[in-house]
Amino acid sequence: MTIEIAIILTPFIMAALIPLFYRRLQRSFIGWVVLVVPVSLFLILTTYIPHIANGKTVSHTFEWIPSFNINFTTYIDGLSLIFSLLITGVGSLVILYSNFYLSMKESLHHFYCYLLLFMGAMLGVVFSDNLMVLYAFWELTSVSSFLLIAFWHHRKASRAGARKSMTITVSGGVAMLVGFLMLYTMSGTFSIREIIADVNQISEHALFIPALVLILLGAFTKSAQFPFHIWLPDAMEAPTPVSAYLHSATMVKAGIYLVARFTPVFGGEMVWFWAVTGVGLMTLFWGSFNAVRQYDLKAILAFSTVSQLGLIMSLLGLGSAAVHLGYSTSSIIYTQATFAALFHLINHSTFKGALFMMVGIVDHEIGTRDIRRLGGLMSILPFTFTIALIGCFSMAGLPPFNGFLSKEMFFAAAVTITELDIFSIENIGIFIPIIAWVASILTFVYCVIIVSKTFFGKIKPDVAEKNPHEAPFGMLISPFVLIGLVITIFFFPNILGEYILRPAMASVYPTFPVAEMTPHIHAWHGFNIELYMTIGVIVLGLLLYRYMKYWIKIYRIFPQYWTLNAMYERIISSSENMSENMTKRYMNGNLMHYFIYIYISFVVIVAGTFLLLEAFTWNPSLDAPVENFELLLIFVMIFASFALLFAKSRITAVLLNGVLGYGIAFFFVIFRAPDLALTQLVVESVTTALYLLCFKYLAELKPEQSSKRVKVSNGLISILVGSTVTLIGLAVINYEKFESISTYFEDSYKLAGGKNIVNTILGDFRAFDTMLEVVVLFIAGLGVYTLIKLKAAKKGDADT
Amino acid sequence: MKINDVILRTVVKGVVFIILTLGVYLFFSGHNAPGGGFIGGLVLGSGIVLLYITYDLETVHRKMPFDFKKVAGLGVLLATGSAIGAIFFDAPFLSQTDAYFTFPVIGEKHLTTVTIFEAGVALTVIGTLVTIILSISEDE
């Protein structure tokens with residue numbers, strides 16, 4: 001057990017412990033106990049920084065299922081270190097903030113349990129080198145996100161939002177899984193590092209592009225890229241700390257992580273360049289365009305997050321051009337886009353986290369997040385105002401905040417890329433800086449909206465009546481730490497670049513020399529095109545804000561029917577109807593029909609397989625001789641089964657059924673299977689007892705009223721089933737297609753320490769079956785119990 | 001109408017001990033002779049059901065105050081627990097082991113961890129069987 005595995009497991013262990021100890025703790029303590037986990041993990045991870053900054057990586061393999069190439073391999077390099085620091089760092093701040101934000105009456109143990117579950121899963125995603133392990137953790141983040149969005153599950157909107165996010169991210173995750181399996185087919189390994197190492201062998205494979213597309217689907221759904229972004233605004237139903245943590249700082253960046261991680265594999269492809277850049281730019285524009293018209297502060301931030309994720313995504317797309325070009329002194333400039341992406345990733349987490357916490361404070365203190373009901377809060381919430389101002393300025397890309405630096409680098413990268421003449425950039429490449437610029441203007445507009453509509457103007461009378469006041473000190477610590485970082489990073493960006501970003505660049509471009517890819521970040525680099533673009537953003541943004549009421553009408557042009565959300569609703573409801581209709585068609589409650597389905601499929605599948613494989617053989621010479629008393633027994637059983645068909649009362653039927661059961665038990669005795677005989681006898685007795693108990697509930701046995709045709713077809717099916725079983729019984733004696741496994745069991749005493757083969761099979765050789773059967777039996781028992789007890793509980797309205 | 005079931009009650013008093021003893025015997029004789037967790041559990045369960053049928057629910061419940069749902073749950077936990085336990089000894093999931101031990105008085109005995117697994121199976125069978133029959137018979 002190494003320290004890296006321990007890092008991943010600690011949140012899970014804590015999550016498992018919470019339900020055990022939370023009753024003994026004072027409610028207000030749970031959060032503080034939980035806080036220990038991310039803080040200590042963060043501190044442990046910071047000790048890795050010098051090691052990783054020296055260009056080293058840490059890896060450890062725990063053999064999990066080696067026969068399927070699935071190993072629990074942890075791998076820490078620059079890229080995973082950035083994400084893990086964000087996960088634990090922002091996680092600590094968010095938990096600290098939640099301690100003050102959440103009321104003590106909430107079910108805090110659930111909240112922190114899910115949050116820790118998420119933290120562990122997310123750490124697992126970024127530390128896993130094995131694709132299958134990564135996938136498992138990836139889906140676990142979706143599940144924990146689902147649980148956290150639906151935390152206030154009494155609200156319909158929460159449940160709907162949770163379901164939407166789950167549906168979209170898990171569908172993408174499954175697509176990604178298929179992509180991973182394709183990668184495995186091509187390369188024969190699940191290890192990302194090994195795939196990267198022999199990328200040249202697989203890039204010509206026919207499955208390469210399909211795998212690329214499927215993996216991108218997973219990344220785009222998770223990172224809320226257009227058109228899958230619709231789940232993110234609805235996920236805002238979660239408590240605000242969750243939105244700050246999962247839906248802006250960490251989980252939605254898992255897609256970005258995946259794209260960055262796979263850039264060395266797929267980065268050289270044109271499809272990758274245009275898909276990542278194009279979708280990113282579209283998301284950037286669409287997110288900022290929609291953020292402007294929102295009234296809910298959290299909805300503005302949600303669309304803004306969508307847009308910023310698009311920005312980072314498009315930067316990664318631009319950066320992939322360098323992979324295609326290969327290393328040369330002229331191509332090194334294109335790696336700067338990726339550098340900007342990683343830099344903005346960190347910056348975004350700082351300012352967006354602070355802004356979400358700011359909105360949480362406003363909601364907490366004022367009781368609303370609707371900008372139409374807010375205003376003039378500057379004098380009431382001065383500290384919160386400071387947070388909002390700095391956060392928004394950074395997001396809008398103004399100095400002296402870190403957003404300015406990364407936004408300038410984004411503009412620079414968008415302008416530089418137009419000089420390339422690969423991937424037909426020379427034709428449409430000019431749109432890249434234009435879209436980037438327009439989206440930045442809109443970003444500026446909604447930043448101004450957040451600050452001015454909330455904090456400037458007059459206080460609304462109903463807000464003033466409540467006599468609100470500034471948030472408690474504890475709630476302000478976390479956002480202030482974050483905006484402190486916003487300013488610090490602006491003044492000392494190169495420390496971050498040197499120690500955190502440079503090793504991550506080495507992960508994205510393994511073949512490039514690391515030293516040349518780390519630019520010296522300057523706040524001031526003369527009057528160049530980036531600076532003019534920023535000035536243009538400010539001027540045009542202010543103008544647009546001033547004259548908003550004239551152009552806001554364009555949002556109404558688009559018909560409601562064709563919005564993405566309406567389409568999503570239609571797909572969901574129509575698939576619900578379809579599955580309901582299908583289910584109703586075969587689940588009609590008629591036992592006879594169920595038997596027909598079961599037996600027909602049995603005959604078709606089993607007899608069909610035997611016929612196809614020509615396995616039905618007939619060789620009576622191998623059969624054992626039939627004794628007289630066996631014939632007698634067979635005659636009794638045949639008689640009983642025929643009599644069963646004509647039984648007039650249930651008790652006769654039960655008794656005749658018993659004759660059949662005991663007859664089989666006799667055969668077991670004759671063929672020397674005492675275990676089976678004993679089991680059969682006891683089962684028969686218990687079944688009879690059950691029958692006796694059920695008798696009073698069963699209706700009088702009526703003569704069958706079905707038509708002749710139904711009777712004939714039923715008879716035909718029974719004869720088919722009977723003959724299939726008989727023929728299989730006769731055929732297996734002569735079956736020679738593959739070796740019999742019975743020799744394996746003959747060594748039972750040596751292998752399993754038991755002389756009774758039946759028992760060693762049950763308890764040892766096939767113990768997995770037995771274990772699961774036990775579980776199934778238990779579930780079935782609980783099912784019977786609940787069905788009966790539930791019916792008893794609501795007696796009267798249950799008519800079944 | 002009061003059913004005259006003196007004969008049944010008298011017979012059951014004797015028979016139940018035979019059945020239960022047989023169940024325990026079958027449970028322990030497994031592995032080397034016919035028997036084992038499943039059949040042992042089934043026999044024990046049917047013995048308990050016989051008790052419930054002969055005497056009324058309250059009487060049996062007073063003498064045997066088990067919640068059979070919990071018995072079944074305990075069984076599942078034992079079976080899966082013994083399977084997981086192997087992992088901590090660096091052996092694959094579900095590995096079992098056995099050894100010979102010499103005890104005072106009873107002498108040398110063959111002990112196996114599979115017995116724990118089988119006990120889980122037996123308890124699940126008993127619990128589920130009795131739960132199903134009880135819940136059907138309790139239903140009005």
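About the thresholds
Residues numbered from 1 in each chain as written. Chains lettered and ligands numbered in written order. Predicted model: local features only at pLDDT ≥ 70, side-chain atom pairs only at ≥ 80, totals over all residues. Helix = DSSP H or I, 4+ residues; strand = E, 2+ residues; numbered from the N terminus. Buried ≥ 20, exposed ≤ 12 C-beta atoms within 10 Å, placed from the backbone. Contact = placed C-beta atoms within 7 Å. Domains from an automatic or database assignment. UniProt positions renumbered as here; feature names shortened; annotations may be inferred. Pairing = 2+ DSSP bridges. Nonpolar A, V, L, I, M, F, W, Y, C, P; charged D, E, K, R; others polar. Expected span 1.5 Å × (residues − 1). Axes fitted to C-alpha atoms, helices over the stretch in contact; angles between N-to-C directions. Left-handed = near helix turned anticlockwise from the far one by under 90°. Core = buried A, V, L, I, M, F, W, Y, C linked by C-beta atoms within 7 Å. pLDDT = per-residue confidence, 0-100. Parallel < 35°, antiparallel > 145°, perpendicular 65-115°, else oblique.

Q: Can you help me understand the overall build of chain A in this one?
A: A tally of regular secondary structure across chain A gives 36 helices and 2 strands. Across its three principal axes, chain A shows a C-alpha extent of roughly 110 × 65 × 55 Å. By the burial criterion, 42% of the 800 residues in chain A qualify as buried. Long-range contacts, defined as pairs at least 24 residues apart, comprise 78% of the intrachain contacts of chain A with a sequence gap of at least 6.

Q: Could you clarify how one ought to interpret the overall build of chain B in this entry?
A: Scanning chain B from N- to C-terminus turns up 5 helices and 2 strands. Counting helices and strands in the order they occur from the N terminus, chain B gives α-α-α-α-β-β-α. The buried share among the 140 residues of chain B stands at 36%. Taking as baseline every contact in chain B between residues at least 6 positions apart, the subset at least 24 positions apart corresponds to 68%.

Q: So what exactly am I meant to see when it comes to the domain arrangement of chain A here?
A: Bring the parts together and some accessible area is lost; that lost area is often taken as the interface size. Examined at the domain level, chain A breaks down into domain 1 (267–556), domain 2 (558–587) and domain 3 (753–800). Taking only C-alpha atoms into account, the centre of domain 1 of chain A sits 36 Å from that of domain 2 of chain A.

Q: Hey, could you run me through the UniProt feature "transmembrane region" (unreviewed entry) in chain B in this one?
A: All names here are of chain B. Here the UniProt feature "transmembrane region" (unreviewed entry) sits at residues 7–28, 34–53, 74–94 and 114–136. Segment residues 34–53 splits into 85% helix and 0% strand. End C-alpha atoms: 28 Å apart. In residues 114–136, the share of helix is 100% and the share of strand is 0%. The end C-alpha atoms are 33 Å apart.

Q: Honestly, the pairing of strand β1 (residues 58–65) of chain A in this entry has me stumped. Any pointers?
A: As a general feature of sheets, a regular strand has side chains that alternate between the two faces. Relative to strand β2 (residues 70–76) of chain A, β1(A) is paired through 7 bridges, and the arrangement is antiparallel. The residue of β2(A) that forms the bridge with Thr61(A) is Thr73(A).

Q: Help me understand the interface of chain A and chain B, please; the structure alone is not making it clear to me.
A: If you look at the interface, chain A gives 34 residues, while chain B gives 41 residues. Put simply, the parts of the chain that give the side of chain A that touches chain B at least two residues each are α31 (674–694), α35 (757–765) and α36 (767–793) of chain A. Broken down by element, the side of chain A that touches chain B gets its largest block of residues, 14 residues, from α36(A). In the side of chain A that touches chain B, the residues fall into 21 nonpolar, 9 polar and 4 charged.

Q: Explanation requested: unusual backbone geometry in the structure shown.
A: A negative phi holds for most residues other than glycine; trans holds for most peptide bonds. Residues and elements named next belong to chain A. Of note, the amide linkage connecting Phe 226 to Pro 227 takes the cis form, showing an omega dihedral of 0°. Along the chain, Pro 227 falls in the loop between α10 (208–222) and α11 (231–234). Omega for the bond connecting Pro 399 with Pro 400 falls within 30 degrees of zero, at 0°, which places this linkage in the cis form. Relative to the elements of secondary structure, Pro 400 occurs in the loop between α17 (382–396) and α18 (402–417). Even without glycine at this site, Ala 224 takes up a positive phi of about 55°. Turning to its location among the elements, Ala 224 is positioned in the loop between α10 and α11. Classification of Ala 224 as buried rests on a count of 30 C-beta atoms within 10 Å.

Q: Please clarify how helix α5 (residues 114–138) of chain B should be interpreted in this entry.
A: For α5(B), spanning 25 residues, the distance from its first C-alpha to its last is 36 Å, which sits close to the expected 36 Å at 1.5 Å a residue. Burial of α5(B) is extensive: 20 of the 25 residues sit out of reach of the surface.

Q: I keep staring at the environment of Pro510(A) and nothing clicks. Help me out?
A: Residues and elements named next belong to chain A. One can find Pro 510 in the loop between α23 (493–508) and α24 (514–517). By C-beta crowding, Pro 510 is classed as partly exposed, having 16 other C-beta atoms within 10 Å. Considered as a pair, Pro 510 and Pro 264 are 246 residues apart in the sequence and their alpha carbons are 7.3 Å apart. Not counting residues within four places of it along the chain, the set of residues in contact with Pro 510 comprises Ile 196 and Pro 264.

Q: Sorry if this is basic, but what is going on with the packing of helix α16 (residues 336–366) of chain A against α17(A) here?
A: The relative placement of two packed helices comes down to the angle between their axes together with the axis-to-axis distance. Residues and elements named next belong to chain A. One can describe the packing of α16 onto α17 by two numbers: an axis separation of 9 Å at closest approach and a directional angle of 145°. The two elements α16 and α17 meet at a crossing, and its hand is left-handed. Across the interface between the two elements, Asn 347, Phe 351, Ala 354, Leu 355, Met 358, Ile 361 and Val 362 from α16 touch Thr 384, Ile 387, Ala 388, Gly 391, Cys 392, Ser 394 and Met 395 from α17. Partitioned by chemical class, the residues of the contact of α16 with α17 number 10 nonpolar, 4 polar and no charged.

Q: Before we go on, may I ask you to explain the nonpolar core in this structure?
A: If you look at soluble globular proteins, the nonpolar side chains tend to sit buried side by side. Counting residues in each nonpolar core, the largest one holds 203 residues, and the members touching the most others are Leu116(A), Leu148(A), Leu315(A) and Ala413(A). Tallying contributions element by element places α16(A) first for this core, with 18 residues. Leaving out residues up to four positions away in the same chain, Leu315(A) has contacts with Ala337(A), Thr338(A), Ala340(A), Ala341(A), His344(A), Phe410(A) and Ala413(A). Formed by 40 residues, the second largest nonpolar core is a distinct cluster that contains Ala72(B), Val76(B), Ala122(B) and Val130(B).

Q: Looking at this structure, I do not really get the environment of Phe93(B). What am I missing?
A: All names here are of chain B. Along the chain, the position of Phe 93 falls in the loop between α4 (68–85) and β1 (98–103). On the basis of neighbour counts, which here come to 12 C-beta atoms within 10 Å, the residue Phe 93 falls in the exposed class. Not counting chain neighbours up to four residues away, the residues in contact with Phe 93 comprise Ala 83, Ala 86 and Ile 87.

Q: What am I meant to see in the confidence of the model for chain B here?
A: Taken as a whole, chain B shows an average pLDDT of 81; of its residues, 83% reach a score of 70 or greater. Model confidence for the complex is summarised by a pTM of 0.79, with the ipTM given as 0.88.

Q: Just checking my understanding: could you explain the pairing of β2(A) for this structure?
A: Counting buried positions along β2(A) gives 5 out of 7 residues, so the element sits mostly inside the fold. In sequence, β1(A) turns back onto β2(A) through a hairpin of 4 residues, with Asn69(A) there showing a positive phi of about 65°.

Q: Honestly, the environment of Leu355(A) in this entry has me stumped. Any pointers?
A: All names here are of chain A. Looking at the secondary structure, you find Leu 355 in helix α16. Along the backbone, Leu 355 and Ile 390 are 35 residues apart, and their C-alpha atoms lie at a distance of 9.0 Å. When residues no more than four places from it in sequence are discounted, the contact partners of Leu 355 are Leu 301, Ala 388, Gly 391 and Cys 392.

Q: Help me out: how do you make sense of the packing of α17(A) against helix α20 (residues 431–455) of chain A in this one?
A: Residue and element names in this part refer to chain A. Packing of α17 against α20 brings their axes to within 9 Å, and their N-to-C directions diverge by 170°. Relative to α20, α17 is oriented roughly antiparallel. Contacts from Phe 385, Ala 388, Leu 389, Cys 392, Met 395 and Ala 396 in α17 reach Thr 443, Phe 444, Cys 447, Ile 450, Val 451, Thr 454 and Phe 455 in α20. Taken together, the residues that form the contact of α17 with α20 break down as 11 nonpolar, 2 polar and no charged.

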